[in-house]
Amino acid sequence: MENKVIETKGLTKYFYDPIKFQVLKEINIGINHGEFVSIVGKSGCGKSTLLYLLSTMDTDYEGQLLIKNELITGKKDNELAQIRNEKIGFVFQFHYLLSEYNVLKNVMLPGLKLGKYSETEIKNRAMEHLKTLDMEDQALKMPNQLSGGQKQRVAIARALINDPLIIMGDEPTGNLDKKNSDLVFDILKKLTLEKKQTILIVTHDNDFAQKTNRIITMEDGRILL
Amino acid sequence: MMNYTLILNIATHLLLARLKQTIVAAVGVTFSIAMFITLVSFMNGLNDLLDGLMLNRTPHIRLYNEIKPSENQPISLSKEYKNNTNFINSIKPKDRGKSIYNSKAIISYLKKDPRIIDVAPKITTPVFFNSGTIEISGTINGIEVLSEEKLFKISDYIIDGNVVDLLQNNSIIIGKGLADKMLLTKGDVIKITSTRGNLSSLKIVGISQIGIADIDDSMSYTSLDTAQKVLGEPTNYITDIQIKLFDMSLAAALAKEFEQKFNLDTIDFNTANSQFETGSKVRTIISYTVGIVLLIVAGFGIYNILNMMIYEKMDSIAILKATGFSGSDVKWIFVSLSLIIGIVGGLIGLFFGYIFSSIIDVVPFETASLPTVKTYPIHYSGIFYLIGIVFALFTTTIAGLFPALKASKVDPVEIIRGK
């Protein structure tokens, strides 16, 4: 309990379009510090919906969401933005790199937004992360000059820049071939082992899930134990 | 706001990525601001020219004797009918003479008044100019040459000869229309008959042209002395006292004050020339309206381009929001975008506005009716440029605000899940 990075209490969500439909039913989960957790389940079981509630981007739900024992439910838009900036790193199926900026600047952007460190320091940290991901020689390229796997690694570096409490991933390997997919998994695994980084990944790739510490299986808006 | 440099940085990168569209949007602003500046400068130049045409020749206040009936008719003095309502038919104006009584004392009093630049006495009288057997009616303005020149710059309108030559005895400057009709030139002698039949011969020392045919066809200048001689009046005979003020907005109030103090009729320039003010106002309204319409059109251009940009950049907006940029940060990014377009486009517009005005300023504009004007008139004023840039910023901000609000409301979950 005391070491829980993220915790939900009776999380319930409805979709209203086209008809009222309960997607999530009284979800209670807790993720401990340093865990590598995957959420699996069939398409439409609500696993992505759960992730977006946990990410604080979706605020339309019932129940409570706590990050580091702090109640997040009911906070304002800019407070939530601040929390996402500081405490959560995202990796999506699509890389979402800004095509106007080079790789380095893309990685630096959330750090610049946080403004905790000076620009040179953020640059150094970004280079550090790119180096661990074997991407330092691509730092000054534009995103459209990279391959899919490389883009996803840049996205991971961006997620890491503010030393987040937790990294959340929505099918981060969904668009990648086997080789790149394994590469991304290895990177994430290394982060939990070496840096005790908490990671939560939504996936329907069972091979991927099997290799994580803990698997949460969902069905019809409920968690199966 | 600490993050502002970052927001600005993102905005500029978005702009540079869409350089062509940005330039099109900015050119719209540039064009409208340049046209606004040019139009307002030109219209105001025209206003100055036309006002000057009137104001330079019109005293701020004129003191004179109006021909009118006595205000107190004999019956109102009678005690017997005091409480009755009296109707009087066929009243005739009283002949008090056009001469201003005690004019010398009034002039020396007015000259000491600190609100007054200077005072110019004048005699206006109708005469006949004789050419062979033909008589042409006209007027003589007897002026005190030096003070008239100081107040009204009449030398601007003398196209031949010199105004100080009027100081010679029996000299006259006649209007161009008059000279053409009577085939007279400088150096000739003109014969004049006053309304009382006095005949005199004056030497023409100059030709004047004001630009209003009616006046040029009938008017002439002589010195006060000459006019008094022509009329056969004593040296204290004056029909008008013209006053110019330091602050012309006081004219109406001072006109009233002098009317009571000297028991004379007075008229201020605004009352005498109200149609000029109307014309100026209409021209100003037209130029501002056209300027604002142009800016609104430019505003729609910006609105369109930003809207398109937002649809193109949905992904970027979503990830910015996911990684910690709040709705208001995103809003500011797009407002800054719009403001950058407004500032850059506006400043270049001011520059081009200045260039265009300068070009118009040297385009020759010669017309017989305006002898002092050689090129099209332009009024340069910092105020126009200030208004221009404020307009530009205002419209671009408004045009950017709506797309920016839309962008700030983008739900990142919807975009990211949609992929």
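Residues numbered from 1 in each chain as written. Chains lettered and ligands numbered in written order. Predicted model: local features only at pLDDT ≥ 70, side-chain atom pairs only at ≥ 80, totals over all residues.

### So, the overall build of chain A
As a reminder, the rule being used: Helical segments are the DSSP runs of H or I of at least four residues, strand segments are the runs of E of at least two, and each set is numbered from the N terminus. Radius of gyration here uses only the C-alpha atoms, and the compact-globule reference equals 2.2 Å multiplied by the residue count raised to the power 0.38. Exposure is read from a count of other C-beta atoms within 10 Å of each residue's own; the residue is exposed at 12 or fewer, buried at 20 or more and partly exposed in between. C-beta atoms are placed from the backbone. Residues are defined as contacting one another if the C-beta atoms placed from their backbone atoms lie within 7 Å.
Secondary structure assignment for chain A yields seven helices and 11 strands. The C-alpha atoms of chain A give 17 Å as radius of gyration, which agrees with the globular expectation for 225 residues (17 Å, within 12%). Seen through its principal axes, chain A has C-alpha atoms that stretch 50 × 40 × 40 Å. Within chain A, buried positions represent 47% of all 225 residues. Summarising the internal contacts of chain A: among those between residues at least 6 apart in sequence, 70% fall at separations of at least 24.

### Looking at the sheet that holds strand 10 (residues 214–219) of chain A
All names here are of chain A. The test is simple: Two strands are said to pair when DSSP picks up at least two bridges between them. Orientation is described by lines fitted to C-alpha atoms, with helices fitted over the stretch in contact, and by angles between N-to-C directions that extend from 0 to 180 degrees.
Strand order in this open sheet of six strands is 7-8-9-4-10-11, and the pairing throughout is mixed. Because the sheet does not close on itself, it has two edges, and the strands there are strand 7 (88–91) and strand 11 (222–224). Each adjacent strand pair in this sheet contributes to an overall mean axis angle of 25°, direction not counted. Looking at chain direction, strand 4 (residues 36–41) and strand 9 (residues 198–202) are connected through four bridges and run parallel. In the sheet register, S38 faces strand 9, and the bridge partner there is I201.

### A short note on the packing of helix 3 (residues 103–114) of chain A against helix 4 (residues 119–132) of chain A
Residue and element names in this part refer to chain A. The condition that has to hold: Roughly parallel here means an angle under 35 degrees, roughly antiparallel means over 145, roughly perpendicular means 65 to 115, and every remaining angle is called oblique. In a left-handed crossing the near helix is turned counterclockwise from the far helix by less than a right angle, and in a right-handed crossing that turn is clockwise. Three classes are used: nonpolar for Ala, Val, Leu, Ile, Met, Phe, Trp, Tyr, Cys and Pro, charged for Asp, Glu, Lys and Arg, and polar for all others, with Gly counted as polar.
Between helix 3 and helix 4, the shortest axis-to-axis distance is 9 Å and the interhelical angle comes to 125°. With respect to their mutual orientation, helix 3 and helix 4 come out oblique. The hand of the helix 3/helix 4 crossing is right-handed. Between helix 3 and helix 4, the residues in contact are L104, V107, M108, G111 and L112 and E119, I122, K123, R125, A126, H129 and L130, respectively. In terms of residue class, the contact of helix 3 with helix 4 is made up of seven nonpolar, two polar and three charged.

### Remarks on the domain arrangement of chain B
For clarity, the cut-off: The source of the domain bounds is an automatic or database domain assignment.
Domain parsing of chain B yields domain 1 (4–55 + 276–418) and domain 2 (61–85 + 96–268). Measuring from the centre of the C-alpha atoms in domain 1 of chain B to the corresponding centre in domain 2 of chain B gives 52 Å.

### A look at the nonpolar core
Operational definition: Working definition: the nonpolar core is a set of buried Ala, Val, Leu, Ile, Met, Phe, Trp, Tyr and Cys residues, joined through C-beta atoms within 7 Å.
Of all hydrophobic cores here, the largest spans 114 residues; its most connected members are V107 and A157 of chain A. Of the residues forming this core, the biggest block, 12 residues, is contributed by helix 2 (residues 19–55) of chain B. The residues touching V107 of chain A, leaving out its near neighbours within four places in the chain, are A126, H129, L130, V154, A157, R158 and I161 of chain A. If you look at the next biggest cluster of nonpolar residues, it comprises 44 residues, including I100, L202, A227 and L254 of chain B.

### Focus: the packing of helix 1 (residues 4–17) of chain B against helix 13 (residues 327–362) of chain B
All names here are of chain B. At a minimum axis separation of 9 Å, helix 1 and helix 13 run at an interaxial angle of 55°. In terms of their interaxial angle, helix 1 and helix 13 are classed as oblique. Here helix 1 runs over helix 13; the crossing is right-handed. From helix 1, I7, L8, I10, A11, T12, L14 and L15 reach across to helix 13, where they touch D329, W332, I333, S336, L337 and I340. A class-by-class count of the residues in the contact of helix 1 with helix 13 yields 10 nonpolar, two polar and one charged.

### So, the pairing of strand 4 of chain A
Residue and element names in this part refer to chain A. Burial within strand 4 is extensive, with six of its six residues counted as buried. The alternating pattern of strand 4 places F36, S38 and V40 on one face and V37, I39 and G41 on the opposite face, and all of these are buried. Two elements, strand 4 and strand 10, share five bridges in a ladder whose sense is parallel. For V40, the partnering residue across the bridge sits in strand 10 and is T217.

### Side note on the interface of chain B and chain A
Taken together, the contact between chain B and chain A spans 22 residues of the former and 24 residues of the latter. Listing elements by their share of the side of chain B that touches chain A, those giving two or more residues are helix 1, helix 12 (314–322), helix 13 and helix 15 (412–418) of chain B. At five residues, the largest contribution of residues to the side of chain B that touches chain A is made by helix 12 of chain B. Its residues placed into classes, the side of chain B that touches chain A shows 11 nonpolar, eight polar and three charged.

### Some remarks on unusual backbone geometry
All names here are of chain A. Each neighbour pair has its own omega, and for D17 with P18 the value is 5°, a cis peptide bond. Inspection of the secondary structure puts P18 in the loop between strand 1 (4–15) and strand 2 (21–27). Look at N69: it is not a glycine, yet its phi comes out positive at around 65°. With respect to the helices and strands, the residue N69 is situated in the loop between strand 5 (62–67) and strand 6 (70–71). Backbone geometry at Y96 places phi at a positive 55°, although glycine is not the residue there. Secondary-structure assignment places Y96 in the loop between strand 7 and helix 3.

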